[in-house]
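One letter stands for each residue in the lines below.
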Amino acid sequence: MTSISSINADLHCHSVVSDGTLTPEELAQRAHANGVRLWALTDHDELGGQDRARAAAKAIGMEYLTGVEISVTWMGQTIHIVGLGIDAAHMGIVEGLRLTRDGRGNRAKLMAEQLLKAGIPGAYEGALHFAGNHDLISRTHFARFLVEQGVCKDTEHVFKNYLVEDKPGYVPHLWATLDNAVAWIKDAGGVAVIAHPGRYKLNAMQMDELYKHFKDIGGLGIEVITGSHSPNQYQTYGKIAQQYGFMASRGSDFHDPQESYIDLGTLPLLPDHLTPVWSAFQ
Ligand code: AMP
Ligand code: MN
Ligand code: MN
Ligand code: MN
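Residues numbered from 1 in each chain as written. Chains lettered and ligands numbered in written order. Predicted model: local features only at pLDDT ≥ 70, side-chain atom pairs only at ≥ 80, totals over all residues. Heavy atoms only, no water.

### Topic: the pattern of salt bridges
All chains considered together, the criterion is met by eight salt bridges. When the shortest N-O distance is used, the salt bridge between aspartate 45 and arginine 104 registers 3.1 Å. Pair noted here: aspartate 45 is in the loop between strand S2 (38-39) and helix H2 (50-59) and arginine 104 is in helix H4 (residues 104-117), with a separation of 59 residues, a long-range link. Accessibility expressed as a relative area gives 4% for arginine 104, which makes it buried. With a closest N to O distance of 3.8 Å, glutamate 46 and arginine 101 form a salt bridge. Remark: arginine 101 occurs in helix H3 (residues 91-102) and glutamate 46 occurs in the loop between S2 and H2; sequence separation between them is 55 residues. Exposure class is identical for glutamate 46 and arginine 101. Each is buried. (Salt bridge = Lys/Arg side-chain N within 4 Å of Asp/Glu carboxyl O. Helix = DSSP H or I, 4+ residues; strand = E, 2+ residues; numbered from the N terminus. Buried < 20%, exposed > 50% of the residue type's maximum accessible area, 1.4 Å probe, protein only.)

Have a look at this one:
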């Protein structure tokens, strides 16, 4: 008998509507071809791809959950909160995300100014050229520009030497608050999930505080199986899910066939002993 945990669910990826390179339709096809049964497109701070993603999933007989990945500033760090199963037309989240996106244009211009000082001209226009959605210019688009220019050999190299703290092209930014992001998701009928917990530069005490506060304000899930986690981290965050009483999520964080750590639907399945986040939508 197959358990509910063993469904091939991929609940985290990006399209051209944020910083991915495939369209919602191409992602749906690719997910389905890789055996995904339950899918969510989770563009950064943006719901513009949801109707297309849902329609494409429906057309090929794949279950779909509305999704988003919200940029949040917490304890001076950027963390990401995934929202699943939301009503994409709900005013609170639509307006909240619009405000969250708002600062990106100005931030991009400041990033380009810094890169110019570091001897790299034309970065704003260059990054914009890679952005499928001009409202959502991101560091990923700058990274692709720097690779195109031959400054770095790949985007991994870019995120070690540029666009990060203490390197050229880094501009600190204030995103949404954790409380607001979780409230937008909950008010829109969705489930809030801490994305890729293994990636944050927070110590154990700060992570504990994050889990407790997230739980207090109604956060329900945490990503356990995700593209940027190591097998050791699958164990670590599986234990965290049990310890704090979170449902567990699985998502590739796929952006592009060449750049991404891992393809849609190809990560290990969620372990049987964890409660999958999709049980909230049964
Ligand atoms: P932004 O929201 O503009 O700050 O851009 C964040 C995006 O940059 C993430 O969603 C990733 O797609 C990408 N990114 C950040 N750090 C890395 C990294 N170390 N390697 C690859 N991509 C990264
Ligand atoms: Mn991204
Ligand atoms: Mn993320
Ligand atoms: Mn992501």
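### Structural notes on the site of ligand 1
Around ligand 1 lies a shell formed by Asp19, His44, Arg104, Arg107, Ser138, Arg139, Thr140, Glu156, Phe159, Arg199, His255 and Tyr261. Side-chain polar atom of histidine 44 to an oxygen atom of ligand 1: 2.8 Å apart, as the coordinates give it. Between ligand 1 and arginine 139, the relevant distance is 2.8 Å, taken from an oxygen atom to a side-chain nitrogen or oxygen of the residue. Across the complex, the protein chains shield 85% of the 500 Å² of accessible surface that ligand 1 would expose by itself. Of all the secondary structure elements, the ones that give two or more residues to the shell around ligand 1 are H4, helix H6 (139-148) and helix H7 (155-161). A breakdown of the residues in the shell around ligand 1 according to their chemical character gives two nonpolar, four polar and six charged. Among the domains, domain 1 (9-100 + 174-281) and domain 2 (104-161) are the pair contributing at least three residues each to the shell around ligand 1. (Near = heavy atom within 4 Å. Polar contact = N/O pair within 3.5 Å; in protein donor to acceptor, adjacent residues only side chain to side chain. Areas by Shrake-Rupley, 256 points an atom, 1.4 Å probe, with all protein chains shown as cover. Nonpolar A, V, L, I, M, F, W, Y, C, P; charged D, E, K, R; others polar. Domains from an automatic or database assignment.)

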